[in-house]
Structure formats: C-alpha cells, structure tokens
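The primary structure of each chain is shown beneath.
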Amino acid sequence: MDSTKYSLKDFAYIQDADIMKRASIFQSYMEDVKEKHHYQYRRVSLNGSGPTMEVIDTYTGKPREMIYMASNDYLNLTRHPRVLEAGYKALMKYGAGAGSVPLLGGTLDIHRQLEKDVASFKGCEDAIIYTSGFGSNCNTLLALLGKQDIAILDQYVHASIVDGCQKTNVRYFRHNNMDALKKILEKSQNEYVTKLVVVDGVYSMDGDIAPLDEIVELAHKYGAYVMVDEAHATGVIGEHGRGTPEHFHLEGKVDIVAGTFSKAFGAVGGFIASNAELVEYLRFYSRGYMFSTAMTPQAAGSLCEAMKVIVEEPQLREKLWENIRYFRKNLLSLGFNLGHSETAIFPIIIGDDWKVKEIGRRLDEMGIYVNPVFYPAVSRNLSRIRISLMAGHTKEHLDKVLNAMEYLGKEYGIIGNGSIQEEIAAGAE
Ligand SMILES: Cc1ncc(COP(=O)(O)O)c(C=O)c1O
C-alpha cells in the first residue's frame, strides 16, 4: 500500500471490514509508513523525559541520544530532586498502589493534601483528583451533562473534552472567535437547563491562549458556566504559574478549572477544581473516579512536592520563558509561520503533509526529536512540525534545532535564503 495516499482517518472505519480485517489493512498501511521512514511514533526511551533523551532508533534498533523537543515536562519536574525524593518517600510509606477506589478505602492523606493544594493553587474551594487528565475531563463532563444540557466547545478543544460530551448536546464555535461563541449563546439562551462553555487555556497544537476574560464575561451574561482545561497553561502562564485564570486576573471567577498533573507538574493524573459542592457531587457521580483505583502513592507524594516547587522556585518558569523568547525570536526572524503561538508550544506551520513527514524524518536523522503533525490531527493546510520547550533546554540545544530548521526550511522551500545570523544581526524581532 502507498501510505502517502491515506491518513489515519481512513482506517477508523472501513465498510464491510470486521475489526480483525480492519486491523490487518491498517497494518499494511503502517508497514509502508515505516518503509518510508515516516514512522515517528512510540520511540522507545531508555532514560525518560529530559532536554536530551536516549532513544532506541526505530530503524536500526540501536540506542542514540536525541535533543528532546516534544515533551510536556515544561519545568523538568519529572527529575527534580525534591519531586523524586517525595515520591520515593511516599512509595516506601504507603506502598506501590493505593489498593482501592477512592470512595472505598483508596483515599490517602496525601491524596487529600493534593486536592487541597491544587484547589488553593487554582483559587478554588476544593478539587477532585483522577489518575489521568484525560479521565478527569471526560468523566467530569459525562457526570455533569445530559440530554437537557448543552456543551459549547471551541473547535480545537482536547479529545478528552469531546469524548466527555457524548451524552449531551454539543455545538462548536470557531477557534477563539467571540462572535461565533456569542451567536451560539444567544441561540441556546432559553433552551437548555445547563449551558457549559468549555475551552482549553492554552491550545495543545497551537500554543495560543484562549481569551478567557471575554469568554467568562460572555458566558455569564448569557447564563452559561465556563470550564477551562489548564493542561498546557499550569506552571507556564500567569505571574506565579497558576495558569490562564491568573493570566487574566480571573481567579475564583471561572466555574470549573480542569487540569493535568502530567505536564508541568511532571508526574501523572488530573484534577477538577471548583466550588466544594460541585466537587463533592463529582466524587459520587463521576464513574471514572468512583470505579477506578486511586492515584499511586508515589505520584501523589511527588505531586504534593511539585506544587511546592512551582511556587518556591520561580526561576524554573523564568528560564522556560527565556527559552521561549529566544526560540520564538529566531524562528520568526528566519521567516517561519508560528500561527498565534504565545507559549512553550511552537507550531511551525508548513501546510504540506509530505514536507512535514520528510522534515520530521530528516530532523530525526539529525538527532532532534519533534512531533510532525498532519491530517487528520490538523487540517492539511496547517500541517506542522510541533516543538515544545522545557526550562532545561540550553542555548546550545536551541541553536542546534534552529540551525537544523534553517537548513531544512530552505531546502524544502519554506523560508527564504537570508541566514539566521544576518537576521539576528539586523535586530529582527
Ligand atoms: C489539552 C489537554 N487536555 C488534557 C490532556 C490529557 O491529559 P493526560 O495526559 O494527563 O491524560 C492533554 C494531554 O495530552 C491535553 O493536551
């Protein structure tokens, strides 16, 4: 099979092919993707997340070091000594697992501590914690919204939000477009019992920030509530890293604040922070919480410490922003299109699936680990190389990636021929 003629979307359903047949057709597609060296999924790491990573080469099977430009470990807390030690202590004190679901014996004092800490970090009364960010979004929405309600979603919200809205009415508005949101709010005004506008604080594919101040004002004006997913915002934006509500001086004014513990917090899990009554309701009606074993003690211990590190070591966030500013300035001066990105996520928009796959392959050969993103994850004219930065990247790492992007950008006709050094010397912003 010629994989260039197809995308992942084509194998989600195939008429008259049962599940085994479908999997087998998909297998032949993937074989051709590998043949072309366009397979950049599930690279196996030998030492875990960090600015560089030892990875088993997909094609030779040999280990090699790569500059890791695809992690959500924005502050490198996955390996922070305080976070590791706290996790180790919790592991030794409570054991490897929580032993039960939270309602029936699985709740530890460190789980409760984490709930309280994350609630106060987000300026809310209380919080519920889940074992994944996906689970927290999805199960919360499934618990809250039914046939009589409506979820009004930004078109780019995370899949966990989309999947959580399967039991309710759904309308999408154009990304970050307040006129489109307003129209839907006007139309739904007297039709539904609960109206919930759901947005991401920072969008995972684009790195741009939702205009949360306008969203909250509009939604509340029309009697709707707001839920914001803070996965890529927490630890990154806001004066103290508290995320999008802090960025817009809206703390305490957003009805439901969701987030993950797997990105800047450096471990795994998710949370929903809100008023105490709503949180308590979720503890009894959110099936993914009630019927699933509580977070591991090691994760909870690490996360309680990670919360403290974010507050007590602002220099980590400052270093991340230094890297963001440097990388952004240089990519823009080279002539790359970064869309509306404002944060640690850099979509280098190329708009041609083949070029994205080829540039991904070449970067991989150069020892640079990025995420090529193409249809159906984004529309074909917005296919891109997605890069994310960490506090621990050095200027040397960033320069190596910038030089590679300059070289490949020119070779594939994405940018002009002016050299990066000339542009920087000319003081381009
Ligand atoms: C915006 C957004 N929300 C939620 C999630 C899910 O979080 P987790 O990885 O903790 O399940 C992700 C993760 O990829 C995300 O990008």
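First, a word on scope: everything that follows refers to the structure included in this document. (Residues numbered from 1 in each chain as written. Predicted model: local features only at pLDDT ≥ 70, side-chain atom pairs only at ≥ 80, totals over all residues. Heavy atoms only, no water.)

## Brief notes about the overall build of the chain
And then number 1: When you go through the chain residue by residue, the secondary structure sums to 15 helices and 14 strands.
And then number 2: Taking 2.2 N^0.38 as the reference for a compact globule, 429 residues should give roughly 22 Å; the C-alpha atoms of the chain span a radius of gyration of 22 Å, in line with that estimate.
And then number 3: Looking at the 429 residues of the chain, the share that counts as buried comes to 53%.
And then number 4: Counted over contacts in the chain with a minimum sequence separation of 6, partners at least 24 positions apart contribute 67%.
And then number 5: When the accessible area of the chain is evaluated, it comes to approximately 19500 Å², of which 50% is carbon and sulfur surface.
And then number 6: In the chain, the 47 positive side-chain charges and the 55 negative ones have mean positions that sit 3 Å from each other. (Helix = DSSP H or I, 4+ residues; strand = E, 2+ residues; numbered from the N terminus. Rg over C-alpha atoms; globule rule 2.2 N^0.38 Å. Buried < 20%, exposed > 50% of the residue type's maximum accessible area, 1.4 Å probe, protein only. Contact = heavy atoms within 4.5 Å. Areas by Shrake-Rupley, 256 points an atom, 1.4 Å probe, with all protein chains shown as cover. Lys, Arg positive; Asp, Glu negative; His and termini not counted. Charge placed at Lys NZ, Arg CZ, Asp CG, Glu CD.)

## Side note on the pattern of salt bridges
And then number 1: Applying the stated rule across the entire model yields 25 salt bridges.
And then number 2: Here arginine 82 ties to glutamate 313 by a salt bridge, and the two come within 3.1 Å at their closest N and O atoms. In this pair, arginine 82 is assigned in helix 2 (residues 81–94) and glutamate 313 in the loop between helix 11 (297–312) and helix 12 (314–334), connecting sequence segments 231 residues apart.
And then number 3: For arginine 82, a relative accessible area of 26% puts it in the partly exposed group.
And then number 4: Judged by relative accessible area, glutamate 313 falls into the buried class, the value being 16%.
And then number 5: The salt bridge partner of lysine 395 is aspartate 399, with a shortest N-O separation of 3.4 Å. Of this pair, lysine 395 and aspartate 399 both sit in helix 14 (residues 395–411), four residues apart, which is roughly one turn of the helix.
And then number 6: Here the salt bridges do not stand alone but share partners, grouping Arg82, Glu305, Lys308, Glu312 and Glu313 into one network. (Salt bridge = Lys/Arg side-chain N within 4 Å of Asp/Glu carboxyl O.)

## A look at the environment of leucine 331
And then number 1: Looking at the element boundaries, leucine 331 is found in helix 12.
And then number 2: Taking the C-alpha atoms as reference points, leucine 331 and phenylalanine 346, separated by 15 residues in sequence, lie 9.5 Å from one another.
And then number 3: Apart from residues lying up to four places away in sequence, leucine 331 is in contact with Phe336, Leu338, Phe346, Ile348, Leu402 and Met405.

## Some points on the packing of helix 2 against helix 11
And then number 1: For the pair helix 2 and helix 11, interaxial distance at closest approach is 7 Å and the crossing angle is 150 degrees. The orientation of helix 2 with respect to helix 11, classified from their angle, is roughly antiparallel. Crossing geometry of helix 2 relative to helix 11 is assigned as right-handed. Within the contact between the two elements, helix 2 uses Arg82, Val83, Ala86, Gly87, Ala90, Leu91 and Tyr94 and helix 11 uses Pro297, Gln298, Gly301, Ser302, Glu305, Ala306, Lys308, Val309 and Glu312.
And then number 2: Of the residues in the contact of helix 2 with helix 11, the class split is eight nonpolar, four polar and four charged. (Axes fitted to C-alpha atoms, helices over the stretch in contact; angles between N-to-C directions. Parallel < 35°, antiparallel > 145°, perpendicular 65-115°, else oblique. Left-handed = near helix turned anticlockwise from the far one by under 90°. Nonpolar A, V, L, I, M, F, W, Y, C, P; charged D, E, K, R; others polar.)

## Considering the site of the ligand
And then number 1: Taken together, 15 residues surround the ligand, and among them Asp229, His232, Thr260, Ser262 and Lys263 come closest.
And then number 2: At a separation of 2.6 Å, a nitrogen atom of the ligand approaches a polar side-chain atom of aspartate 229.
And then number 3: Here an oxygen atom of the ligand sits 2.8 Å away from a polar atom, N or O, in the side chain of serine 262.
And then number 4: Contact with the protein chains removes 82% of the 390 Å² of surface that the ligand exposes when unbound.
And then number 5: A breakdown of the residues in the shell around the ligand according to their chemical character gives two nonpolar, ten polar and three charged. (Near = heavy atom within 4 Å. Polar contact = N/O pair within 3.5 Å; in protein donor to acceptor, adjacent residues only side chain to side chain.)

## Looking at the side chain of serine 160
And then number 1: With respect to the secondary-structure elements, serine 160 resides in helix 5 (residues 159–164).
And then number 2: Excluding residues within four positions of it along the chain, serine 160 makes contact with Phe134, Asn137 and Cys138.

## Side note on the environment of methionine 405
And then number 1: Note on placement: methionine 405 falls in helix 14.
And then number 2: Note on methionine 405: relative accessible area 1%, which makes it buried.
And then number 3: Taking the C-alpha atoms as reference, methionine 405 lies 8.7 Å from isoleucine 359; in sequence the two are 46 residues apart.
And then number 4: Discounting residues that sit within four places of it in the chain, methionine 405 has contacts with Leu331, Phe336, Ile348, Leu363 and Ile415.

## What to know about the sheet that holds strand 11 (residues 345–349)
And then number 1: Spatial strand order, 11-14-13: three strands in an open sheet with antiparallel pairing. Looking at strand neighbours, the two that pair on one side only are strand 11 and strand 13 (371–373), the edges of this open sheet. Adjacent strand axes in the sheet meet at a mean angle of 30 degrees, parallel and antiparallel pairs treated alike.
And then number 2: When strand 13 meets strand 14 (residues 384–388), the two strands line up antiparallel, connected through three bridges. Along strand 14, the bridge assignment pairs proline 372 with isoleucine 385.
And then number 3: Strand contacts of helix 13 (residues 353–365): strand 13 and strand 14, with the helix running at about 45 degrees to strand 14, the strand carrying the most contacts. (Pairing = 2+ DSSP bridges.)

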